[in-house]
Amino acid sequence: MVLRVWRTFRNAHHCNNQLWQSQRTLSRNYSDWEGTVNKPSQRKVTNLPSMDQPVPNLPKPVYASYTEETQITKVTTLSNGLRVASENRFGEFCTVGVVVDSGSRYEVAYPSGISHFLEKLAFNSTVHYPDKDKILNNLEKHGGICDSQASRDTFIYAASVYTKGLDDTMRLLSEVTLRPLITSEELEYAKQAVQFELETLNMRPEQETLLMDMIHMAAYRNNTLGLPKLCPKSNISKIDQNMLFSFLSQHYTPSRMVIAGVGVEHEKLVDIAEKYFVDQAPIWKTDNDLFITPNNLSVDESLAQYTGGIIQEECEIPQFASTGLPVLCHIMIGLESCSHQDPDFIAMCVLNMMMGGGGSFSAGGPGKGMYTRLYTNVLNRYHWMYSATAYSHSYSDTGLFCIHASAPPTHLRDMVEVIVKELVSMASNITTQELRRAKTQLQSMLLMNLEARPVVFEDIGRQVLATGHRKRPQYFIDEIEKITKDHILNAVKRLLSSQPSVAARGDLRKMPSLDYIQAGLLDSAGKMAKGNKLSLFR
């Protein structure tokens, strides 16, 4: 015991002695530093000059310029009729692509689904690239990504890459657009991909994609924009290589295409486009055995004929997992709008922002549309309404304004009545503050979207394809600013003068007929005749 105490005392004395030695050393070292405190060191630590001198041998800086003169969209028409449009922008990346006047509206002479298949077949093997891996490896070399998008009236192939890889990227785009191989293996893969997508859409609670196809089919029955964008299941086995190449040879012609670029020098883009899109012929012109063109087959140039009507699909809508939400049914009611070149186009866009809407669980302030009519008049007033959103679609010859809503099947009739009333009352009680908010929201959305380079690319391509030139954002800002209440009233009057189009999915046992919906739209208060049943608005 004594020995243990003595060892403890010795260890403590040793530690104290070490601490004293350390403090003494630190004190002595600190005293050595006192003479050098706040004195600049004379030791050279870098070969760079002092901060007040420029660094030698640096490349000349290139500064971003935001003047109107440097933001002009240049358009050049090549010898074969192909248009090249571009706008140079500051940065190391560029977005380039091909916008084609093609899509599901031109498939009247073919089984519907051609464009859906071409979307799945994009960026596969070509004459120069033996397989998809070669294409992706080429893009990765330039830090790039690619995408394709099919719509009802356009088809887009695009890529974003470092500007140094512009030549390789343009060659790649020319190959996938004009010289695809479409092998049997790739076609089989596309069929599986289309089949899987259709099955997935029917298994998802979101119904917007399916309803959008249905409302167009109801509005333009059996013509142009009414042809399905999604390939019907019955057509998957019908589409073959011969049909695809026949469609490409007719619609992928220079006069129906625009090469658009953002962040590139226009003259350079024109030279590269000449090399790959003019000097090199499409595969359907070099290989006569590729397909057999049917007799008397030409591009459908007919104008869209608005018919109105109703399409219903009785089915079971899947539920969101573990959310506790009830089973919902979905409706979409549409009216004929105007084309994107129509004088009422801007007023329709402002009206769309004024109606707004969204889901009943959306969060946020005015920027999220919480002050729009479909929120204040519908979602905030009827607890059983789970969503209500306004949409405006404009094409070269027509347009479609519609409202999509969802509610439990027990309130289906009431939901239709509420939406009809909102459509009729769009022109009533428009306040100055409401109109100002809608115009400001539309202006800010326009400018914020155009901050993204791919959006500018698509805007350039679509405008040049439709009109041959591009209107600057400032033009649209000014046009939005000019909209008054009278413009909105005229737009609403024009909408309500058309026949309604209706699409519905889910449990539709309480769905009112098209005649009742039309009667409600003709009533000044939007009331639907219901016989002995009590109306929400009576």
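Residues numbered from 1 in each chain as written. Predicted model: local features only at pLDDT ≥ 70, side-chain atom pairs only at ≥ 80, totals over all residues. Heavy atoms only, no water.

Visitor: Go over the sheet that holds strand E6 (residues 257-262) with me, naming the residues and quoting the values.
Guide: The 6 strands lie next to each other as E1-E2-E6-E3-E5-E4, forming an open sheet whose pairing is mixed. Two strands in the sheet have a free side with no partner beyond their single neighbour: strand E1 (74-77) and strand E4 (145-150). Averaged over neighbouring strand pairs, the angle between their axes works out to 15° when direction is ignored. In terms of strand pairing, strand E3 (residues 93-100) meets E6 through 6 bridges, oriented antiparallel. Looking across to E6, one finds that Val96 is bridged to Gly261. On the sheet, helix H8 (residues 266-278) packs against E1, strand E2 (83-87), E3 and E6 and is oriented at approximately 150° with respect to E2. Against the sheet, helix H14 (residues 453-467) engages E1, E2, E3, E4, strand E5 (155-162) and E6, with an angle of about 150° to E6. (Pairing = 2+ DSSP bridges. Helix = DSSP H or I, 4+ residues; strand = E, 2+ residues; numbered from the N terminus. Axes fitted to C-alpha atoms, helices over the stretch in contact; angles between N-to-C directions. Contact = heavy atoms within 4.5 Å.)

Visitor: Which residues make up the pairing of E2, and what values go with them?
Guide: Taking burial as the measure, the 5 residues of E2 include 5 buried ones, the bulk of the element. Residues Arg83, Ala85 and Glu87 point to one face of E2 and Val84 and Ser86 to the other, with burial holding for every one of them. Summarising the sheet, E1 and E2 pair through 4 bridges and their orientation is antiparallel. Directly across from Val75, in E2, lies its bridge partner Ala85. (Buried < 20%, exposed > 50% of the residue type's maximum accessible area, 1.4 Å probe, protein only.)

Visitor: Outline the packing of aromatic side chains, supporting the account with residue identities and numerical values.
Guide: The full count for this structure, using the stated rule, is 9 aromatic pairs. The interplanar angle of 75° and the centroid separation of 6.2 Å between the aromatic rings of Tyr157 and Tyr252 together place this pair among those described as edge-to-face. With Tyr157 in strand E5 and Tyr252 in the loop between helix H7 (241-251) and E6, the pair connects residues that are 95 residues apart, well separated along the chain. A residue is classified by how much of its surface remains accessible, and Tyr157, at 2% relative accessible area, is buried. (Phe/Tyr/Trp six-rings, centres within 6.5 Å; stacked < 30°, edge-to-face > 60°.)

Visitor: Account for the environment of Ser524, with residues named and values stated.
Guide: Tracing the chain through its elements places Ser524 in the segment after helix H17 (514-522). Here Ser524 falls in the exposed class, since its relative accessible area comes to 75%. Put simply, Ser524 and Val424 are 100 residues apart on the chain and 7.0 Å apart in space, counted from C-alpha to C-alpha.

Visitor: How would you summarise H14 if you had to cite specific residues and measurements?
Guide: With 15 residues, H14 extends 21 Å between its outermost C-alpha atoms, agreeing within 8% with the 21 Å of an ideal straight helix rising 1.5 Å per residue. For H14, every residue scored as buried is listed here: Val456, Phe457, Ile460, Gly461, Gln463, Val464 and Leu465. The inward-facing, buried residues of H14 abut E1, E2, E3, E5, E6 and helix H15 (473-481). Directly after H14, the chain includes Gly468, whose backbone phi takes a positive value near 90°. (Expected span 1.5 Å × (residues − 1).)

Visitor: So what about the sheet that holds strand E10 (residues 387-394)? Which residues, and what values?
Guide: Spatially, the 6 strands line up as an open sheet ordered E7-E12-E8-E11-E10-E9, and their pairing is mixed. Two strands close off the open sheet at either side, each with one partner strand: strand E7 (309-314) and strand E9 (357-359). Adjacent strand axes in the sheet meet at a mean angle of 20° when their direction is disregarded. As paired elements, E7 and strand E12 (residues 501-506) share 6 bridges and run parallel to each other. Counted as the bridge partner of Gly309 is Ser501 from E12.

Visitor: Summarise helix H13 (residues 432-449); cite the residues concerned and give the values.
Guide: For H13, which comprises 18 residues, the first-to-last C-alpha distance of 26 Å matches the rise-based estimate of 26 Å (1.5 Å per residue) to within 8%. By the burial criterion, the buried members of H13 are Glu434, Leu435, Ala438, Lys439, Gln441, Leu442 and Gln443. Against helix H10 (345-355), helix H11 (373-379), H15 and helix H16 (485-496) lie the buried residues of H13.

Visitor: Which residues make up the confidence of the model for the protein chain, and what values go with them?
Guide: In this model, the protein chain carries an average pLDDT of 88, and 87% of its residues clear a pLDDT of 70 or more. This model gives residues 363-367 a pLDDT under 50, and the stretch forms 6 contacts once residues within four places in sequence are excluded. Note that residues 531-538 has pLDDT below 50 and, in this model, 15 contacts with residues that lie over four places away or in other chains. (pLDDT = per-residue confidence, 0-100.)

Visitor: Which residues make up the pattern of salt bridges, and what are the values?
Guide: This model, assessed by the stated rule, comprises 23 salt bridges. Residue Asp101 is joined to Arg256 by a salt bridge in which the shortest nitrogen-to-oxygen separation is 3.6 Å. Of the two residues, Asp101 sits in the loop between E3 and helix H2 (114-121) while Arg256 sits in the loop between H7 and E6, which places them 155 residues apart along the sequence. Its relative accessible area of 8% is what places Arg256 among the buried residues. If you follow the salt bridges from partner to partner, you end up with Glu87, Arg89, Asp459, Arg470 and Arg472 in one network. (Salt bridge = Lys/Arg side-chain N within 4 Å of Asp/Glu carboxyl O.)

Visitor: Break down unusual backbone geometry for me, citing the residues and quoting the values.
Guide: In this model, Asn222 sits at a positive phi of 60°, which is unusual for a non-glycine residue. Within the secondary structure, Asn222 is located in the loop between helix H6 (208-219) and H7. Taking the relative accessible area as the measure of exposure, Asn222 reaches 68% and is therefore exposed. Of note, the phi angle at Thr224 is positive, near 35°, even though the residue is not glycine. Locating Thr224 in the fold gives a position in the loop between H6 and H7.

Visitor: Give me the lowdown on the packing of H13 against H15, citing residues and values where you can.
Guide: Put simply, H13 and H15 touch, their axes get as near as 10 Å, and they point 175° apart. Considering their axes alone, H13 and H15 lie roughly antiparallel with respect to each other. Residues Arg436, Lys439, Leu442, Gln443, Leu446 and Leu447 of H13 form the contact with H15, whose participating residues are Pro473, Phe476, Ile477, Ile480 and Glu481. Its residues placed into classes, the contact of H13 with H15 shows 7 nonpolar, 1 polar and 3 charged. (Parallel < 35°, antiparallel > 145°, perpendicular 65-115°, else oblique. Nonpolar A, V, L, I, M, F, W, Y, C, P; charged D, E, K, R; others polar.)

Visitor: I'd love a proper account of the environment of Val502, names of residues and values included.
Guide: Looking at the element boundaries, Val502 is found in strand E12. Considering only alpha carbons, one finds Val502 and Met214, 288 residues apart in sequence, at a separation of 8.3 Å. Not counting residues within four places of it along the chain, the set of residues in contact with Val502 comprises Ile215, Ala218, Gly309, Ile310, Ile311, Met332, Ile333, Met511, Leu514 and Ile517.

Visitor: An account of the side chain of Ser125 is needed here, citing residue identities and associated values.
Guide: Take Ser125: it is sitting in the loop between H2 and helix H3 (132-141). The exposure class assigned to Ser125 is buried, which follows from its relative accessible area of 3%. In this structure Ser125 touches Pro130, Asp131, Lys132, Pro180, Leu181, Ile182, Thr183 and Glu186, once residues within four positions along its chain are discounted.

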